[in-house]
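# Structural overview for review
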Amino acid sequence: MTLKNRNNIIMVHLVVLLFIAFVYLTPTHFDFLMWNVFLALLPLDFALLVLVARLKISQLIFSALWLLFFPNTMYMITDFIHLQYISTALDVRYQYFNYSVLAAGIFIGVFLGILSLELMMRRYLKNRRGFVALFTLAVVSWISSFGIYLGRFLRLNSWDVFTNFDLVWANIQNSVSKHMFAFVGLFALAQFAILVIYHYGGRLLFVLGEQVLAEERAVKDFSDEKNNLK
């Protein structure tokens, strides 16, 4: 891992910690954001551990933990439900503050999840284009949506798999209903759209960056060749 990558990782964690500290120190209605954003950070850390781990067993363990905690990132989209407790109007200045804090927390959590998924795809997919990439994004979207359903409606947590697996399994069996399929299907489509735009938009930026570097190298080589002929 290069020094530049370390600095990027530190910056991401610093922003998350500053946001958590801000929510803790200011009078908001959204103290739950501290915990939710922290949970959204874990998949990114697990993905980073997958990249640096040398043992296969370690990579598999961290990959399983990543998949288990990844729904916590997209779960934050449902936190917009808390707007009902502060009114949805923007007719007073204090509401700007509430909207800003809630939206910032949600977007931070979602982007942490997307970033962690991109890292996992970089680790396990040699070809991150075409059908394989779309299929991976679709499967992750569906699994994540089901995890969101378990968390939002059945109030289950990721760690319940370790602490109370029987309860988790019983709730999963009892959750099968039209309501569950409707929620999971719609949220899977929403996540899939977000993930596809981020994935292919990111690849677009990467390609453009490579083109700029190639043009800069060509100009430099031409300049060096011209100087050598003098």
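Residues numbered from 1 in each chain as written. Predicted model: local features only at pLDDT ≥ 70, side-chain atom pairs only at ≥ 80, totals over all residues. Heavy atoms only, no water.

Attention shifts here to the overall build of the chain. Summing up its helical and strand segments, the chain has nine helices and zero strands in all. When its helices and strands are written in sequence order, the chain yields α-α-α-α-α-α-α-α-α. Contacts in the chain between residues at least 24 apart in sequence constitute 77% of all its contacts with a sequence separation of at least 6. Entry remark: accessible area of the chain is about 14,300 Å², with carbon and sulfur atoms responsible for 69%. (Helix = DSSP H or I, 4+ residues; strand = E, 2+ residues; numbered from the N terminus. Contact = heavy atoms within 4.5 Å. Areas by Shrake-Rupley, 256 points an atom, 1.4 Å probe, with all protein chains shown as cover.)

Relative to the helices and strands, Thr28 is located in the loop between helix H1 (3-25) and helix H2 (32-52). A polar atom in the side chain of Thr28 sits 3.2 Å from the backbone nitrogen of Phe30. Here Thr28 is in contact with Val23, Phe97 and Val101, once residues within four sequence places are set aside. (Polar contact = N/O pair within 3.5 Å; in protein donor to acceptor, adjacent residues only side chain to side chain.)

Judged by nonpolar contacts, the single largest core of 50 residues is most densely connected at Val16, Leu33, Val37, Trp66, Met74, Leu112 and Leu117. Elements with a minimum of two residues in this core: H1, H2, helix H3 (56-69), helix H4 (71-75), helix H5 (93-124), helix H6 (130-152) and helix H9 (178-229). Once you skip the residues sitting within four places of it in the chain, Leu112 turns out to touch Val12, Val16, Val37, Ala40, Leu41 and Leu44. (Core = buried A, V, L, I, M, F, W, Y, C linked by side-chain atoms within 4.5 Å. Buried < 20%, exposed > 50% of the residue type's maximum accessible area, 1.4 Å probe, protein only.)

In contact at an axis separation of 8 Å, H2 and H3 are set at 160° when each is read in the N-to-C sense. Here H2 is positioned roughly antiparallel relative to H3, judged by the angle of their axes. Viewed along their axes, H2 and H3 form a crossing whose handedness is left-handed. Here Leu39, Leu42, Pro43, Phe46, Ala47, Leu49 and Val50 of H2 come into contact with H3, specifically with Gln59, Phe62, Ser63, Leu65, Trp66 and Phe69. Taken together, the residues of the contact of H2 with H3 sort by class into 11 nonpolar, two polar and no charged. (Axes fitted to C-alpha atoms, helices over the stretch in contact; angles between N-to-C directions. Parallel < 35°, antiparallel > 145°, perpendicular 65-115°, else oblique. Left-handed = near helix turned anticlockwise from the far one by under 90°. Nonpolar A, V, L, I, M, F, W, Y, C, P; charged D, E, K, R; others polar.)

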